[in-house]
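Residue-level structure breakdown
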Amino acid sequence: EGERGAERLVRLKFASGQVQHFEGDTGAERKVRTAFADGAVAHFEGERGAERMVRTVFANGNVKYYKGEQGAERLVRME
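What comes next concerns the included structure. Bear in mind the structure is a predicted one, so any value in this text is a computation, not a measurement.

Reading across the sheet, the seven strands line up as 1-2-3-4-5-6-7 and stay open at both edges, with antiparallel pairing between neighbours. Unpaired on one side and paired on the other, strand 1 (11–13) and strand 7 (74–78) mark the two borders of the sheet. Across the sheet, the mean angle separating the axes of adjacent strands is 20° when strand polarity is ignored. Relative to strand 5 (residues 52–57), strand 4 (residues 41–45) runs antiparallel, the two being bridged by five bridges.

What follows is the structure in structure tokens.
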């Protein structure tokens, strides 16, 4: 998305059905959520390259919340 030469990444689609969504300016795009083929959606916070998962919402309505740095996220609460 964006003008020629200033395009930015907004979405990546994979053959598996997974779709990753990004926000941010050109060169600073960060992943904000990943939608999975089974209906689950993982939400992320943090700057590019340090995005950490903060919650996952499942198709059945269950929600899992996480804390911790990227790669070391730990489950802290389930609803």
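Picking up after the structure, the text goes on.
With respect to the helices and strands, Gln20 occurs in strand 2 (residues 19–23). For Gln20, the residues in contact, after removing those within four places along its chain, are Val10, Arg11, Leu12, Phe14, Lys31, Arg33 and Thr34.

To continue, consider the environment of Leu12. For Leu12, the position within the fold is in strand 1. C-alpha separation for the pair Leu12 and Phe22, spaced ten residues apart in sequence, amounts to 8.4 Å. When sequence neighbours within four positions are dropped, the list of residues in contact with Leu12 reads Gln18, Val19, Gln20 and Phe22.

Once that is clear, we can look at the side chain of Lys31. With respect to the helices and strands, the residue Lys31 is situated in strand 3 (residues 30–35). Apart from the residues within four sequence positions on either side, Lys31 is in contact with Gln20, His21, Phe22, Phe44 and Glu51.

Moving on, we get to the pattern of salt bridges. The full count for this structure, using the stated rule, is four salt bridges. Arg30 is the salt-bridge partner of Glu23, the closest N and O atoms lying 3.9 Å from each other. The partly exposed category is assigned to Glu23, whose relative accessible area is 39%. Judged by its relative accessible area of 25%, Arg30 is partly exposed. Of the charged contacts, one joins Glu29 and Arg48 as a salt bridge, the two residues approaching to 3.0 Å between their closest N and O atoms. Residue Glu29 is found in the loop between strand 2 and strand 3, and its partner Arg48 is found in the loop between strand 4 and strand 5; the two are separated by 19 residues along the sequence.

The rules behind the values
- Throughout this description, residue numbers start from 1 for each chain and increase along the sequence as written.
- Side-chain atom pairs in this predicted model are given and counted only at pLDDT of 80 or more, local residue features only at pLDDT of at least 70, and totals for whole chains, interfaces and linings cover all residues.
- With hydrogens and water excluded, all non-hydrogen atoms of the structure serve as input to the side-chain values.
- We treat two strands as partners when DSSP finds at least two bridges between them.
- Comment: elements are numbered from the N terminus, with helices defined as DSSP H or I runs of at least four residues and strands as E runs of at least two.
- Here an axis means a line fitted to C-alpha atoms, over the contact stretch when the element is a helix, while the angle between two N-to-C directions is reported on a 0 to 180 degree scale.
- For this analysis, residues touch if any pair of their heavy atoms sits within 4.5 Å.
- Whenever Lys or Arg places a side-chain nitrogen within 4 Å of a carboxyl oxygen from Asp or Glu, that contact is recorded as a salt bridge.
- Type-normalised accessible area, obtained with a 1.4 Å probe on protein chains alone, sets the label of each residue: buried when under 20%, exposed when over 50%, and partly exposed for intermediate values.

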